[in-house]
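Each chain is listed here by its residues.
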Amino acid sequence: MQNMTDLNTGEDKKRIGVYGGAFNPVHNGHIRLALGYIEDLRLDKLIIIPTAVPPHKTAEGLVSGSDRINMLSLAAKDIPQIEISDIEFKRQGKSYTYLTLLDIRKLYPDADLFLIIGADQFLTFTTWYHYKDILSLVTLCTQARQDEAERLEMLDYAVNNDELKGKYILSDREIYKVSSSEIRRKIRDGEDVSSLLPDGVYEYIKEKGLYIV
């Protein structure tokens, strides 16, 4: 991890991570990443929030919120630090991260908040809705998902954006290379994806007939 020395590590403050995404479906890569950040950031809690209507991508092929909540609950059932939240399903319109963080800040007014985002999201972060306000609420946490070239691109992006200075952490943990879109394709093609999914999730997908078409 980088920039850990810049963080407030006072014993009296809760350390809470916020991890949003479609999770369509949740897979082993999501859970490994979550466990890595819980350890590296010394999180008291990691709130995982499936998006209702993603603002930066299409919702094509997105299964219901209740199905994604159920799959996440199965995936995280043995990880006490993880809390699954339906906060974004309670709002109308697109799931803007800024609005979600305002709600979380109300719940935890004195906590240190850490927002976990993907490499592609980090590289476009300054186009986000109210991104400057987001930086006043959280420390960004991300990692390269491809190779060293992408990592260098991310560092260059951060260095050349003064607003990000001291407000991000770039993890050097190895990425588990699998994507939800790849899993959905394999399911449509009739392939066995059980090794890519947390315990119980594959059985849930088969039982509900998800991602078949």
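Since the model is a prediction, treat every value here as computed from it, not as a measurement. (Residues numbered from 1 in each chain as written. Predicted model: local features only at pLDDT ≥ 70, side-chain atom pairs only at ≥ 80, totals over all residues. Heavy atoms only, no water.)

Draft legend 1. Region of interest: the sheet that holds strand E6 (residues 168-171). With respect to topology, six strands assemble into an open sheet ordered E3-E2-E1-E4-E5-E6, the strand pairing being parallel. Where the open sheet ends on each side, the last strands, each with one partner, are strand E3 (82-84) and E6. For this sheet the average axis-to-axis angle between neighbouring strands, irrespective of direction, equals 25°. The strands touched by helix H2 (residues 65-75) are strand E2 (45-50) and E3; relative to E2, the strand with the most contacts, the crossing angle is about 150°. (Pairing = 2+ DSSP bridges. Helix = DSSP H or I, 4+ residues; strand = E, 2+ residues; numbered from the N terminus. Axes fitted to C-alpha atoms, helices over the stretch in contact; angles between N-to-C directions. Contact = heavy atoms within 4.5 Å.)

Draft legend 2. Fine view of the layout of surface pockets. Space inside the second largest pocket adds up to approximately 160 Å³. Together, Ala144, Arg145, Gln146, Asp147, Glu148, Arg151, Ser171, Asp172, Arg173, Glu174, Ile175 and Lys177 line the second largest pocket. Residues belonging to the lining of the second largest pocket are distributed by class as follows: two nonpolar, two polar and eight charged. (1 Å grid on protein atoms, 1.4 Å probe; cavity = no way out; pocket = protein on both sides within 12 Å on 5 of 7 lines; lining within 4 Å. Points joined across faces, edges and corners; volume = space filled by probe spheres on them. Nonpolar A, V, L, I, M, F, W, Y, C, P; charged D, E, K, R; others polar.)

Draft legend 3. Representation of the nonpolar core in the model. In this structure, Tyr19, Val26, Leu46, Met71, Ile82 and Ile205 are the most contacted members of the largest nonpolar core, which totals 35 residues. Broken down by secondary-structure element, the contributors of at least two residues to this core are helix H1 (28-40), E2, H2, strand E4 (112-116), helix H7 (180-188) and helix H8 (201-208). In terms of residues, this core owes the most to one element, H1, which gives five residues. Ile47, Ile87, Leu115 and Tyr168 belong to the second largest nonpolar core, which has 29 residues in total. (Core = buried A, V, L, I, M, F, W, Y, C linked by side-chain atoms within 4.5 Å. Buried < 20%, exposed > 50% of the residue type's maximum accessible area, 1.4 Å probe, protein only.)

Draft legend 4. Focus on helix H6 (residues 148-159). For H6, which comprises 12 residues, the first-to-last C-alpha distance of 16 Å matches the rise-based estimate of 16 Å (1.5 Å per residue) to within 8%. Against the buried residues of H6 lie helix H4 (119-122), strand E5 (139-143) and E6. (Expected span 1.5 Å × (residues − 1).)

Draft legend 5. Region of interest: unusual backbone geometry. The residue after Asn24, namely Pro25, is reached through a cis peptide bond having omega 5°. With respect to the secondary-structure elements, Pro25 resides in the loop between strand E1 (15-21) and H1. Despite not being glycine, Phe23 has its phi angle at roughly 50°, a positive value. Mapped onto the fold, Phe23 is located in the loop between E1 and H1. Its identity as a non-glycine residue notwithstanding, His130 has a phi of 55°, on the positive side.

Draft legend 6. Inspection of the packing of aromatic side chains at higher detail. Per the counting criterion, the structure on display carries seven aromatic pairs. With a centroid separation of 5.2 Å and 85° between ring planes, the pair formed by Tyr19 and Phe23 is classed as edge-to-face. For the pair shown, Tyr19 and Phe23 are each scored as buried. Consider the rings of Tyr98 and Tyr129, whose centres lie 6.2 Å apart with planes at 70°: the pair is edge-to-face. Here Tyr98, found in helix H3 (residues 97-107), pairs with Tyr129, found in the loop between H4 and helix H5 (131-137); they are 31 residues apart in sequence, far enough to count as distant. Tyr98 gets classed as buried once you look at its relative accessible area, which sits at 15%. An aromatic cluster is built from Tyr96, Tyr98 and Tyr129, whose rings are joined through pairwise contacts. (Phe/Tyr/Trp six-rings, centres within 6.5 Å; stacked < 30°, edge-to-face > 60°.)

Draft legend 7. Summary view of the environment of Leu74. Residue position: Leu74 is located in helix H2. A C-alpha to C-alpha distance of 19 Å links Leu74 and Tyr37, two positions 37 residues apart in sequence. Ignoring sequence-local partners within four residues, the contact set of Leu74 consists of Asp199, Gly200, Val201 and Tyr204.

Draft legend 8. Seen up close, the pattern of salt bridges. Taken as a whole and judged by the stated rule, the model has 11 salt bridges. For the salt bridge of Arg173 with Glu39, the shortest nitrogen-to-oxygen distance reads 3.1 Å. Here Arg173 is found in the loop between E6 and H7, whereas its partner Glu39 is found in helix H1, with 134 residues between them in sequence. You can call Arg173 partly exposed: its relative accessible area is 34%. For Glu39, a relative accessible area of 55% translates into the label exposed. (Salt bridge = Lys/Arg side-chain N within 4 Å of Asp/Glu carboxyl O.)

Keep in mind these numbers describe shape, not what the thing actually does.
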